Amino acid sequence: MDVHHALHFTFGIFGNATALFLFLAPVITFRRIIKSKSTEQFSGIPYVMTLLNCLLSAWYGLPFVSKNNILVSTINGTGAAIEIIYVLIFIAYAAKKEKAKILGLFISVLSVFGVVVLVSLFALHGHSRKLFCGLAATIFSIIMYASPLSIMRMVIKTKSVEYMPFFLSLFVFLCGTSWFVFGLLGKDPFVAVPNGFGCGLGAMQLILYAIYRNKGESKNLAAADKPVDMELGKPQQEKQSRAQNGNI
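Residues numbered from 1 in each chain as written. Predicted model: local features only at pLDDT ≥ 70, side-chain atom pairs only at ≥ 80, totals over all residues. Heavy atoms only, no water.

1. Re helix α1 (residues 3–24)
As a reminder of what qualifies: In this text, helices come from DSSP runs of H or I with a minimum length of four residues, and strands from runs of E with a minimum of two, each type numbered from the N-terminal end. Each helix should span, by expectation, one fewer than its residue count multiplied by 1.5 Å. Each residue gets one of three labels from its accessible area relative to the maximum for its type: buried under 20%, exposed over 50%, partly exposed in between, using a 1.4 Å probe on protein chains only. In this analysis, two residues are considered to be in contact whenever any of their non-hydrogen atoms come within 4.5 Å of each other.
Taking 1.5 Å per residue as the helical rise, α1 with its 22 residues ought to reach 32 Å, and the 32 Å between its terminal C-alpha atoms agrees with that figure. For α1, every residue scored as buried is listed here: His 8, Gly 12, Gly 15, Asn 16, Thr 18, Ala 19, Leu 22 and Phe 23. Lining the buried residues of α1 we find α3 (45–60), α4 (70–93) and α8 (166–185).

Shown next, in the form of structure tokens:
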């Protein structure tokens, strides 16, 4: 194995490790949901959309779709399994209206993935198959990485990093950087582009953390649009509810 391939493999392994941390980050949230037997004000949409991203990326990484990307398949296959568990738990404990919405979205995601699989298997071959699957995976990877934008807006608005944990931001940066370099070394724009976006977004989060980490807790959290789910940058409960149910 030459130096180029060794580096390619090394960054793929590191990318697997950092991505696994991100996939496991919401475990604390779901322990809370199970304990309270309620999804409270958490949003289930990010988990369903992350599932679609994982399914599409895992499919793209398979050898008959794109070469030398098996490490993309391993971590995204693992991520898909984890996200399915999250979604099923969310559906089990959600209120009736929210349960129907997330279940419908879950079925839609599986349907979209099924269509992509069937089209790529029976209608496309060679480069056209890679192009089709790569574009689909890239679009939803960028959407997944963009999910913390709302929490970054809150940090700027409240001048507080209370809802933006440092280690989560750090691993977004490390994960994006690892797969960005992996994509560059493998000359694969469908891996490099979305993860380059994730790398930049992670860097922005770390810069915001450095700026606002000593500002103290914001006194204006009540004025925020919605509470936020800190693992995925989505609405979470306000301080009063957190005090009643325990901190995350």
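Right, picking up where we left off after that structure.
2. A short note on the UniProt feature "transmembrane region" (unreviewed entry) in the chain
Going by this rule: UniProt positions are given in the numbering used here, feature names are shortened, and annotations may be inferred rather than shown by experiment.
When the UniProt feature table is mapped onto this chain, "transmembrane region" (unreviewed entry) is found at residues 6–30, 42–62, 74–95, 102–125, 131–151, 163–185 and 191–212. With 76% helix and 0% strand, the stretch residues 42–62 has end C-alpha atoms that lie 34 Å from each other. With 100% helix and 0% strand, residues 191–212 has its two end C-alpha atoms placed 32 Å apart.

3. Examining the packing of aromatic side chains
Under the convention used in this document: Whether two aromatic rings pair depends on their centres lying within 6.5 Å, for rings of Phe, Tyr and Trp, where Trp uses its six-membered ring; planes under 30 degrees apart make the pair stacked, over 60 edge-to-face, and the rest tilted.
What the rule picks out here adds up to nine aromatic pairs. With a centroid separation of 4.7 Å and an interplanar angle of 5°, the aromatic rings of Phe 30 and Tyr 86 are classed as stacked. Of the two residues, Phe 30 is situated in helix α2 (residues 27–36) and Tyr 86 in helix α4; the sequence distance between them amounts to 56 residues. Here the two residues Phe 30 and Tyr 86 agree in accessibility, since each one is buried. Between Trp 59 and Phe 64, the ring centres sit 5.3 Å apart and the planes meet at 75°, which makes this aromatic pair edge-to-face.

4. Regarding the nonpolar core
To be explicit about the condition: Only buried residues count toward a nonpolar core, which is a set of Ala, Val, Leu, Ile, Met, Phe, Trp, Tyr and Cys residues joined through side-chain atoms within 4.5 Å.
In this structure, Phe 30, Leu 56, Tyr 60, Val 87, Phe 90, Phe 113 and Trp 179 are the most contacted members of the largest nonpolar core, which totals 46 residues. Breaking this core down by element, the ones donating at least two residues are α1, α2, α3, α4, α5 (96–122), α6 (126–146), α8 and α9 (189–212). When residues of this core are assigned to their parent elements, the largest contribution, ten residues, is made by α4. Not counting chain neighbours up to four residues away, the residues in contact with Tyr 60 comprise Val 65, Ser 66, Asn 69, Lys 130, Cys 133, Gly 134, Ala 137, Asp 188, Phe 190 and Val 191. Membership of the second largest hydrophobic core comes to eight residues, among which are Ile 151, Val 155, Val 161 and Leu 208.

5. Section: the environment of Leu 71
Relative to the elements of secondary structure, Leu 71 occurs in helix α4. Considered as a pair, Leu 71 and Phe 11 are 60 residues apart in the sequence and their alpha carbons are 9.8 Å apart. Setting aside chain neighbours within four positions, we find Leu 71 in contact with Phe 9, Gly 12, Ile 13, Asn 16, Trp 179 and Phe 182.

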